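Summary of the model geometry
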Amino acid sequence: MHIATTHTNTDFDALASLVAATFLYPGILGILPSQIRPNVKAFLSLHQDLFHIVPRKGFDLEGIDQLVVVDANNWGRLERMNELKGRDDVEIHVWDHHMKGENIQAGVMRRHELGANVTQMVEEMKERDCAFSPMHATLFLLGIYDDTGNLSYPSATPRDAAMTGFLLENGADLNVASAYLSSSFDDGQTDILTRMLAKDEVFSVSGFNVAVSSVDLECGSAMLAPVVTKYKEIKGVDGVFGVFRLDDQSCIVIARGGHRDLDVGQVIRALGGGGHPAAGSAMIKSGDVGTLYGQVCDLVREMDRPQVTVEKIMSGVGTCLSSDMKLEQASVVLDQERLHTALVVDQGECLGLLSPVEMSKVRRPSQFASPVKAFMRRNISTVAPDQGMQEALRIFSDTGVPMLPVVLDGKLVGKVTRTDLMLQMYDLG
Ligand SMILES: [Mn+2]
């Protein structure tokens, strides 16, 4: 007898992978763990008759000669499958996208770094021309969306996006999908979110805003992650840490980030947990939320400055104008150098800038005889070479300046342009 199974605390990627296995291994029976996520449970309550799966509870493993494990590669994440471990009469296949933590010896191992595991299974179904209904397509799409935050997490890959397109072509219904993805909170979650918002601190970490909050209440760990995500959304910050007491002997810290230059995982790793730069969590063997909260705040304060400083991305001073130069001459210089904007500098000191905005204020030809200082924009913001790129980005978006002078000890040492920032953000620098 052939069976497939997936990890406990089953999410949509796990369920979708399990159902995909029933297409890729004809005749196989899917074994569903007892503990499944609430939104997956809601989906199954309507759709379960479509799938060839049965609950783990009450299922006897006798006579099993093939086990297909999907969206997991560790015996500890499966529900009571240990008796199949190390049996040489059982053929094991693994399909997974977790690149660490494996302890299942598999005859066939299909492991790819993807946003969602179901992506590679749908690729295989496409390859083999498997027929499936729009309801199945919707479930597979939910799997991809759930694990990639609707393709927005940095872990999402072009392959996840390509299979999303393929599933939409094959009838996946976004209205149905969004009904199951929109995290409708239960009362317990709403209560925790309210408490988080009522008592928290926001730290400025090298240009990023990071909020830390704690809730000293016995919380169920399964429902906390979406609360932390929602908390980050409401606070509108770059990173958040939630510190929760699970019971008298344990706490959990959950982090959410998202910006490539803010590694929230750094704090989580210091606490002994596992984390990507964008998300992570750590279990702590102590029920003392207060002490842990202080520890997290200290670690957040200590978070490294970004590796990317203004000095790394700035351009040279280049062509500048002097304040006494006539506008006529200034516009010749701009034309010759093919510049729209230039800084105005006297004896190394940056006094302002001249951009098309200022030039557009020249109404009469006689005004071209005026000096640059009569038209230049004054009091523009500056940055120092050792400030983070984030700070430069923030000034650009707050002030709308076209160019940012980099100043050290009162002297102009370079400039940051939008192009410099873009090249850095897209890794083209
Ligand atoms: Mn997954």
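Residues numbered from 1 in each chain as written. Predicted model: local features only at pLDDT ≥ 70, side-chain atom pairs only at ≥ 80, totals over all residues.

**Let's talk about the domain arrangement of the protein chain**
Split by domain assignment, the protein chain resolves into domain 1 (2-181), domain 2 (187-302) and domain 3 (311-425). For domain 2 and domain 3, the distance between their C-alpha centres works out to 41 Å. Taken together, the contact pairs four residues of domain 2 with five residues of domain 3. A breakdown of the residues in the side of domain 2 that touches domain 3 according to their chemical character gives one nonpolar, two polar and one charged. (Domains from an automatic or database assignment. Contact = placed C-beta atoms within 7 Å. Nonpolar A, V, L, I, M, F, W, Y, C, P; charged D, E, K, R; others polar.)

**Brief notes about the nonpolar core**
Formed by 48 residues in total, the largest nonpolar core has its most connected members in A16, L18, A20, A21, F140 and L141. Broken down by element, this core gets its largest block of residues, nine residues, from helix 1 (residues 12-24). Discounting residues that sit within four places of it in the chain, A20 has contacts with V118, M121, V122, M125 and F140. (Core = buried A, V, L, I, M, F, W, Y, C linked by C-beta atoms within 7 Å. Buried ≥ 20, exposed ≤ 12 C-beta atoms within 10 Å, placed from the backbone. Helix = DSSP H or I, 4+ residues; strand = E, 2+ residues; numbered from the N terminus.)

**A closer look at the packing of helix 1 against helix 3 (residues 118-127)**
Running from N to C, helix 1 and helix 3 point in directions that differ by 25°, and their axes come no closer than 9 Å. Judged on the interaxial angle alone, helix 3 and helix 1 are roughly parallel. As helix 1 runs across helix 3, the sense of the crossing is left-handed. Here D13, A16, S17, A20, A21, F23 and L24 of helix 1 lie close against helix 3, whose contacting residues are V118, M121, V122, E124 and M125. Each residue belonging to the contact of helix 1 with helix 3 can be placed in one class, and the counts come to nine nonpolar, one polar and two charged. (Axes fitted to C-alpha atoms, helices over the stretch in contact; angles between N-to-C directions. Parallel < 35°, antiparallel > 145°, perpendicular 65-115°, else oblique. Left-handed = near helix turned anticlockwise from the far one by under 90°.)

**Notes on the sheet that holds strand 14 (residues 349-354)**
Two pairing modes exist for strands in a sheet, parallel and antiparallel, and in both the strands are linked by backbone hydrogen bonds. Read across the sheet, three strands follow the order 13-14-15 without closing on themselves; strand pairing throughout is antiparallel. The open sheet is flanked by strand 13 (342-346) and strand 15 (377-378), the only strands paired with a single partner. Here two bridges tie strand 14 to strand 15, and the two strands are oriented antiparallel to one another. What sits directly across from G352, in strand 15, is R378. (Pairing = 2+ DSSP bridges.)

**Re the environment of A278**
Looking at where A278 falls in the secondary structure, it is placed in the loop between strand 11 (274-275) and strand 12 (279-284). Residue A278 is classed as buried on the basis of its 20 C-beta neighbours within 10 Å. With 78 residues separating them along the chain, A278 and P356 place their C-alpha atoms 40 Å apart. Here A278 is in contact with Y153, P154, G257 and G258, once residues within four sequence places are set aside.

**Re helix 8 (residues 224-235)**
Between its first and last C-alpha, helix 8 extends 16 Å over 12 residues, near the 16 Å set by a 1.5 Å rise per residue. Among the residues of helix 8, L224, V227, V228, K230, Y231 and K232 are the ones counted as buried. In this fold, the buried residues of helix 8 make contact with helix 7 (187-198), strand 8 (208-218), strand 9 (239-247) and strand 10 (250-256). At the exit of helix 8 stands G236, carrying a positive phi of roughly 65°. (Expected span 1.5 Å × (residues − 1).)

**Points about the sheet that holds strand 4 (residues 66-70)**
The six strands lie next to each other as 3-2-1-4-5-6, forming an open sheet whose pairing is parallel. Whereas interior strands pair on both sides, the edge strands pair on one side only; in this sheet they are strand 3 (53-55) and strand 6 (108-111). Between one strand axis and the next, the sheet turns by 20° as a mean value, whatever way the strands run. Bridge count for strand 2 (residues 29-32) against strand 3 is three bridges, and the pairing is parallel. Bridge pairing in strand 3 places G30 opposite I53. Along the sheet face, helix 1 touches strand 1 (2-6), strand 2, strand 3, strand 4 and strand 5 (91-96) and points at about 165° away from the line of strand 1.

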